[in-house]
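# Coordinates in review
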Amino acid sequence: MGQNERATIQAVLAGDKDAYGALVVRHSRMLFRLAYRMTGNEADADDVVQEAFLRGYQKLASFESRSDFGTWIYRITVHCALDRMQKRRAEAARRVGEEADPELDSVQVADASPDPERLALSAEIGALQELAMRGLTAVERTAFVLRHMEDRSTEEIAEALKVKPNAAKQTVFRAVEKVRQRLVNMKVMA
Amino acid sequence: MKHLNQEQLVDAYYGGKDGVAERRLKRRLDRHLGGCDECASAYDTLKSDLAAVSASDVPERAADYGAQIWSRVAPLLPPRPFEERRAPGMGMWRGLSYAAGCAVLVAGAFYVGTVWEHYRHAGKTVAPAPEQAHAPAQPKVVVVVLGDHLDRSERLLVELKHADSDSAETAPLKDEARGLLAANRVFREDAEKDGDADLSTALSHLDKLLTGLADHPGQLDAAALSQLKDEMNADGLLFEVRVLRSKNPHRNAAVRVIARGGTA
């Protein structure tokens, strides 16, 4: 963590609330990317980012200055996203037998490109990816996203999930197996 | 070497991102994959499958996305969301202050309980007046007459003469002897001052017997009674007392005030 960021945190702890804005601006996009990959939903990802910064502000006194703020708020975001996913799944479970949740049933894909051809390709890839990951539990999805998309090590995943490294490794392996199985099933159906 | 299982293939795919041991494992697995077509084929399938979920397009966010989030977060931040950063050792002092507070509470409760019990008992019993409660015990003042003293002494000597070892009989003798001692000493001192040798000698003799009787430890058994009578010549003393009573009736009217438990 740079001197500048450390000074910013000290200012926030000293009562300068606005100083926290600098940290929010600096890390928001990185956290959104993580939150979106975990939740698979833009609106949820925005809410997760907001919730993560709120939690971070409330817990800032417990932040150890020798560690990196980005890593610290990243872990908080992982937990916020996990909470959000588990909440969504609990809501979906309650709706079983009632009406289907259109937001959960449809696959949301990125709308990043103005090019219609690329947009279609991107949508297809995104949909495939989202469908493949839908069978994962919240923890498995988190472990898979952190490992496969966020390029995090087993130790980092273990710290983020607050489990032992071997358990994190096993969770990743389980997630990979499930994703591959779903991909095979989709190919058969296609 | 055996073929790699699925877990080892996943290790080979991700292992390079981990620590030294994992990287070493990956190198070993890679060597196997280089020489084993079957495993290499399985590994290629794994890579292909995972590639399908690799190209994750994340929706773009505006350049001012951070500012947008801040504008949503800022109004929600509490004015004092957390405690001031504690100085090192504050936790220990806080713990100590809690412990001290608890100790004061316990001591206070004990004191209040003690005071409460004291007043509760004070309400049930008759409390002595403050001056009585703290004043030293006053000796009882008794007016004694020499003639009466000699009468009582004579009766005691008669009872002693006929007493046996029965404790029911000897116990009152000891109490009576104690009761006579103070008056006997006063009258003996008077006789010495007045130069009445007969009375002084008789009362001195009586004094020894009364003291021996009063201070005798335990019960007066047959042997102790016999010893006391012999040593003190109780029979002779009884005779002396009787003589004194009859010899000087005027003197027998002498009155002294004594303090029972003290001197006159």
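Our subject in this report is the structure included herewith. In this text, all values refer to a predicted model and were calculated from it rather than measured experimentally.

Further remarks concern the overall build of chain B. Tallying secondary structure elements over chain B gives 11 helices and 2 strands in all. Reading chain B from its N end, one meets helices and strands in the order α-α-α-α-α-α-β-α-α-α-α-α-β. Residues classed as buried in chain B amount to 20% of the 264 residues present. Long-range contacts, defined here as pairs at least 24 residues apart, represent 69% of the contacts in chain B between residues at least 6 apart.

The helix and strand inventory of chain A stands at 9 helices and 0 strands. Listing the helices and strands of chain A from first to last along the sequence gives α-α-α-α-α-α-α-α-α. Buried residues in chain A amount to 37% of all 190 residues. Within chain A, contacts between residues separated by at least 24 positions form 59% of all contacts whose residues are at least 6 apart in sequence.

Glancing now at the packing of helix α1 (residues 3–13) of chain A against helix α2 (residues 19–39) of chain A. Packed helices, taken two at a time, are described by the angle between their axes plus the distance between the axes. Residue and element names in this part refer to chain A. Between α1 and α2, whose axes approach to 7 Å, the crossing angle comes to 135 degrees. When the axes of α1 and α2 are compared, the pair comes out oblique. When the axes of α1 and α2 are compared, the crossing they make is left-handed. Residue-level inspection shows Thr 8, Ala 11 and Val 12 of α1 in contact with α2, the latter providing Ala 19, Tyr 20, Ala 22 and Leu 23. A breakdown of the residues in the contact of α1 with α2 according to their chemical character gives 6 nonpolar, 1 polar and no charged.

This part is about the interface of chain B and chain A. Listed as interface residues are 32 residues of chain B and, on the opposing side, 43 residues of chain A. Of all elements in the fold, only α1 (6–14), α3 (37–52) and α4 (65–73) of chain B reach the threshold of two or more residues within the side of chain B that touches chain A. With 7 residues, the single largest contributor to the side of chain B that touches chain A is α4(B). Here the side of chain B that touches chain A is composed, by residue class, of 18 nonpolar, 4 polar and 10 charged.

Counting 53 residues, the largest nonpolar core has A:Leu31, A:Ala35, A:Val49, A:Ala52, A:Phe144 and A:Val172 as its most contacted members. The element that contributes the greatest number of residues to this core is α2(A), accounting for 9 residues. Apart from the residues lying within four places of it in its own chain, the contact partners of A:Ala52 are A:Leu31, A:Ile73, A:Ile76, A:Thr77 and A:Cys80. Within the second largest apolar cluster, 27 residues are counted, among which are B:Ala183, B:Leu209, B:Val241 and B:Ile258.

For A:His148, the location among the structural elements is in helix α7 (residues 138–149). By C-beta crowding, A:His148 is classed as buried, having 21 other C-beta atoms within 10 Å. Through-space distance from the C-alpha of A:His148 to that of A:Val176 is 9.1 Å; in sequence the pair is 28 residues apart. Beyond its immediate sequence surroundings of up to four residues, A:His148 is in contact with B:Leu50, B:Val53 and B:Ser54.

Residues and elements named next belong to chain A. The phi dihedral of Asp 151 is positive, around 60 degrees, even though this residue is not glycine. Among the structural elements, Asp 151 can be located in the loop between α7 and α8 (154–161). A count of 10 C-beta atoms within 10 Å places Asp 151 in the exposed class.

Further remarks concern α8(A). Listed as buried for α8(A) are A:Thr154, A:Glu156, A:Ile157, A:Ala158 and A:Ala160. Downstream of α8(A) by a residue or two, A:Lys162 has a phi angle that is positive, lying close to 60 degrees.

Residues and elements named next belong to chain B. As for its placement among the helices and strands, Ala 177 is situated in helix α8 (residues 167–194). Remark: the alpha-carbon pair of Ala 177 and Asp 215, spanning 38 residues in sequence, is separated by 9.2 Å. In contact with Ala 177, not counting residues within four places along its chain, are Leu 156, Leu 210, Leu 213 and Ala 214.

Here is what the cut-offs are and how they apply
- Residues numbered from 1 in each chain as written.
- Chains lettered and ligands numbered in written order.
- Predicted model: local features only at pLDDT ≥ 70, side-chain atom pairs only at ≥ 80, totals over all residues.
- Helix = DSSP H or I, 4+ residues; strand = E, 2+ residues; numbered from the N terminus.
- Buried ≥ 20, exposed ≤ 12 C-beta atoms within 10 Å, placed from the backbone.
- Contact = placed C-beta atoms within 7 Å.
- Axes fitted to C-alpha atoms, helices over the stretch in contact; angles between N-to-C directions.
- Parallel < 35°, antiparallel > 145°, perpendicular 65-115°, else oblique.
- Left-handed = near helix turned anticlockwise from the far one by under 90°.
- Nonpolar A, V, L, I, M, F, W, Y, C, P; charged D, E, K, R; others polar.
- Core = buried A, V, L, I, M, F, W, Y, C linked by C-beta atoms within 7 Å.

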